[in-house]
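Residues per chain, in single letters:
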Amino acid sequence: MSDPGVGDDDLILVGDADLILVGDADLILDGDLERTEFAWVRSGLALAVIGLLLLKRLLPLVGHRVAQGFIIIGLGLAFAAIGVAFERHRRHRELPSRSALKLVSLATVVIGVAALVLAVVSTA
Amino acid sequence: MGDAGSDDDAPDDAPEPPPIDREIDPRLHYANERTFLAWIRTSLALITAGLVVTQLLPAFKVAGGRRIVGLPLIVLGIILAVQAYRQWEANEHAMRGRRPLPRSWLPVVLAVGVALVAVAALILGAVAGVGR
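Parameters at a glance
- All residue numbers refer to position in the chain's written sequence, counted from 1.
- Lettering for chains starts from A, numbering for ligands starts from 1, and both go in the order in which the items are written.
- Local features in a predicted model are, by the rule used here, given only for residues with pLDDT of at least 70; side-chain atom pairs are given and counted only at 80 or more, and totals for whole chains, interfaces and linings are based on all residues.
- With hydrogens and water set aside, each side-chain value is computed from the structure's full complement of heavy atoms.
- Numbered from the N terminus, helices here are DSSP runs of H or I no shorter than four residues, and strands are runs of E no shorter than two.
- Here a polar contact is taken to be a pair of N or O atoms separated by no more than 3.5 Å, where protein atoms must pair a possible hydrogen donor with a possible acceptor and residues adjacent in sequence count only if both atoms sit in side chains.
- One confidence number per residue, pLDDT, is output by the predictor and ranges from 0 to 100.
- Two residues form a contact once any of their heavy atoms are found within 4.5 Å.
- The axes are straight lines fitted to the C-alpha atoms, using for helices just the contacting stretch, and the angles between their N-to-C directions are given from 0 to 180°.
- Every angle not falling under 35 degrees, over 145, or within 65 to 115 is termed oblique; those three ranges are roughly parallel, roughly antiparallel and roughly perpendicular.
- By the convention adopted, Pro, Cys, Tyr, Trp, Phe, Met, Ile, Leu, Val and Ala count as nonpolar, Lys, Arg, Asp and Glu as charged, and the other residues, Gly among them, as polar.

(A) Representation of the side chain of Ser105 of chain A. Along the chain, Ser105 of chain A turns up in helix H3 (residues 98–121). Here the side chain of Ser105 of chain A touches Ala81 of chain B through a polar contact of 2.7 Å, landing on its backbone oxygen.

Structure below.
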């Protein structure tokens, strides 16, 4: 990682020995922020796909079709709300909040427990 | 940020902030956050693998064979998801306090866990075989 105290027009070694001239240290910060955003997007997609896979197996256990619909709509709204919250978070270039990371960790644990229950009670 | 040259411009009567409150490079926070997210994705991959083994794989000749392989993967995924957050928090505390980052035992747990499950799958596949 380059020196945090980088000034204007400093030479910085980045990645696989690509020498670039940087006029503003914010450019580096933008790159870091962008990589972090992509990491969030990848994690969000992984969470959504696995949640969907799990839902496909778990929903038939609910039985009632209206209840199944409410579950899907509710989860969709929850995902949309989380997406909007993260987007607002990103626009203000804030550092990660503890609650956001805790939420992701908790969502993964919930998915894990649901998978565990499914694996124990039903094997196709 | 930590530019040494900017200290000369600061007024003499400006109090020196305590070490724990000093601003640190935001890139370190972002790197810590990305590491957390990478562990979360690893955790999700383990949970998915466990789910696929128990739900989609053909049954072994041994009763509960798929669960022997799949359940530890799911449990390992849950453990990783919890520990990923704890590790992120520990790293944040260490960075803010200007202390060395704490040693993480997550890679060891992951490597040993996956190796054990792989050995179990190998034995089940080779010795017991699949039912159909």
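(B) Inspection of the confidence of the model for chain B at higher detail. Residues and elements named next belong to chain B. Mean pLDDT over chain B: 82, with 80% of residues reaching 70 or higher. In this model, residues 1–10 is a region of pLDDT below 50 whose contacts with residues beyond four sequence positions or in other chains number 6 contacts. Across residues 17–21 the pLDDT falls below 50, and counting only partners more than four positions away or on other chains, this stretch makes 5 contacts in the model. Model confidence for the complex: the whole-complex pTM is 0.73, and ipTM, which rates the interface, is 0.75.

(C) Geometry of the side chain of Glu92 of chain B. For Glu92 of chain B, the position within the fold is in helix H2 (residues 65–96). Among residues more than four places away in sequence, those in contact with Glu92 of chain B are His29 and Asn32 of chain B.

(D) Up close: the packing of H3 of chain A against helix H1 (residues 26–56) of chain B. Look at H3 of chain A against H1 of chain B: their axes get within 10 Å of each other, and the N-to-C directions meet at 10 degrees. Here H3 of chain A lies roughly parallel to H1 of chain B, going by the angle between them. Facing H3 of chain A, whose interface residues are Leu101, Val104, Ser105, Thr108, Ile111, Gly112, Ala115, Leu118 and Ala119 of chain A, H1 of chain B presents Glu33, Phe36, Ile40, Ser43, Leu44, Ile47, Leu51, Thr54 and Gln55 of chain B. By residue class, the composition of the contact of H3 of chain A with H1 of chain B is 11 nonpolar, 6 polar and 1 charged.

(E) View of the environment of Ala84 of chain B. Residue and element names in this part refer to chain B. Here Ala84 lies in helix H2. Between the C-alpha atom of Ala84 and that of Ala126, which follows or precedes it by 42 residues, the distance is 34 Å. Leave out the neighbours within four places in its chain, and Ala84 touches Phe36, Trp39 and Leu106.

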